[in-house]
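Next come the chains, spelled out residue by residue.
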Amino acid sequence: MINEQDLVRACQRNDRKAQTAFYNMYKGKLMGVCRRYARSKEEAEDIYQVAFVKVFNNIKSLEKPEAVGAWVRKTVIHTAINYYHANLKFQQNTDYETVVLSNDDYPNILATLSSEDLLALIHQLPDGYRMVFNLYVVDGYNHNEIGQMLGISENTSKSQLSRAKELLRKQLKKLGIVSYERIQ
């Protein structure tokens, strides 16, 4: 069996079989990332396809094959963000002035729900909220980084996260989940 670094080197030489194996190796891991950012399964597949075109176009510049996993994941996330920006004209406007920030109530909804249930709830969020929630809660970016990636202010990122959490709490309450663990 070929190891990941050898597979990267083969992809850097444009070996089609290696590219197919590499694509398939990451599909199971990263389609979940795409699905979190996309509005539908089809949109997630489009994002994944575009991301891997970028991966294969730029893999020759990857100097450390051992870092390929993080590099591919970052490429997929940035592709999802670019997809979001390209489709902003279809987004709804949000009045951020009415959002009240709440910094003391962080439910650990990831531990409360199955991944499919959580994904379904996240998909119900408005696009901006969904993007910020994924970037902050799931992918670990800070509000400054999110603001730069999405072209919004740091405070807008914070308010969108707060609003996303509030909407998720309401959705959870409808499901009968009213008690949460707190994240420190």
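Report on the accompanying structure. (Residues numbered from 1 in each chain as written. Predicted model: local features only at pLDDT ≥ 70, side-chain atom pairs only at ≥ 80, totals over all residues. Heavy atoms only, no water.)

Turning our eyes to something else, we now look at the environment of A10. In this fold, A10 is placed in helix α1 (residues 4-12). Exposure remark for A10: the relative accessible area of 4% places this residue in the buried category. Excluding residues within four positions of it along the chain, A10 makes contact with D15 and A18. (Helix = DSSP H or I, 4+ residues; strand = E, 2+ residues; numbered from the N terminus. Buried < 20%, exposed > 50% of the residue type's maximum accessible area, 1.4 Å probe, protein only. Contact = heavy atoms within 4.5 Å.)

Taken N-terminus to C-terminus, the directions of α1 and helix α2 (residues 16-37) make an angle of 130 degrees; their axes are 8 Å apart at the nearest point. For the element pair α1 / α2, the angle class is oblique. Classified by chirality, the crossing of α2 by α1 is left-handed. Residues E4, L7, V8, A10 and C11 of α1 pack against A18, Q19, A21, F22, M25 and Y26 of α2. Looking at the contact of α1 with α2 residue by residue, the class counts come to nine nonpolar, one polar and one charged. (Axes fitted to C-alpha atoms, helices over the stretch in contact; angles between N-to-C directions. Parallel < 35°, antiparallel > 145°, perpendicular 65-115°, else oblique. Left-handed = near helix turned anticlockwise from the far one by under 90°. Nonpolar A, V, L, I, M, F, W, Y, C, P; charged D, E, K, R; others polar.)

It is possible for side chains bearing opposite charge to pair when their charged atoms get close. Scanning the entire structure with this criterion turns up eight salt bridges. With a shortest N-O distance of 3.1 Å, R39 and E43 are connected by a salt bridge. Using a relative accessible area of 34% as the deciding quantity, one classes R39 as partly exposed. Here E166 and R169 are joined by a salt bridge, their closest N and O atoms 3.1 Å apart. Placement of the pair is E166 and R169 together in helix α9 (residues 154-174), with a separation of three residues, close to one helical turn. One connected set of salt bridges, linked through shared partners, spans R39, E43, D127 and R130. (Salt bridge = Lys/Arg side-chain N within 4 Å of Asp/Glu carboxyl O.)

Summed over all chains, the structure comprises seven aromatic pairs. Here Y23 and F52 contribute two aromatic rings whose centre-to-centre distance is 5.3 Å and whose plane-to-plane angle is 75 degrees, an arrangement assigned as edge-to-face. Residue Y23 is found in helix α2, and its partner F52 is found in helix α3 (residues 41-58); the two are separated by 29 residues along the sequence. Residue classification places Y23 among the buried residues on the basis of a relative accessible area of 16%. Here the aromatic cluster, defined as three or more aromatic residues joined through ring pairs, consists of F22, Y23, Y26, Y48, F52 and F56. (Phe/Tyr/Trp six-rings, centres within 6.5 Å; stacked < 30°, edge-to-face > 60°.)

So, on to empty space enclosed by the protein. As enumerated under the stated definition, the model contains one cavity of 30 Å³ or more in all. Taken as a whole, the largest cavity spans an internal volume of roughly 60 Å³. Taken together, 13 residues make up the lining of the largest cavity; nearest its centre are Y37, E43, Y83, Y84 and R130. When contributions to the lining of the largest cavity are tallied by element, the ones reaching two or more residues are α3, α4 (68-86) and α7 (127-138). In terms of residue class, the lining of the largest cavity is built from seven nonpolar, two polar and four charged. (1 Å grid on protein atoms, 1.4 Å probe; cavity = no way out; pocket = protein on both sides within 12 Å on 5 of 7 lines; lining within 4 Å. Points joined across faces, edges and corners; volume = space filled by probe spheres on them.)

This brings us to the nonpolar core. Counting 48 residues, the largest nonpolar core has F22, Y26, Y48, F52, V72, L135 and L150 as the members making the most contacts within it. Elements that contribute at least two residues to this core include exactly α1, α2, α3, α4, α6 (115-123), α7, α8 (143-150) and α9. The element contributing the most residues to this core is α2, with nine residues. In this structure, L150 is in contact with I81, Y84, H85, M131, V132 and L135, ignoring residues within four places of it in sequence. (Core = buried A, V, L, I, M, F, W, Y, C linked by side-chain atoms within 4.5 Å.)

Time to look at the side chain of Q19. Note that Q19 resides in helix α2. Contact partners of Q19, with chain neighbours within four places excluded, come to C11, N14 and F56.

The values are spatial; any link to function lies outside them.
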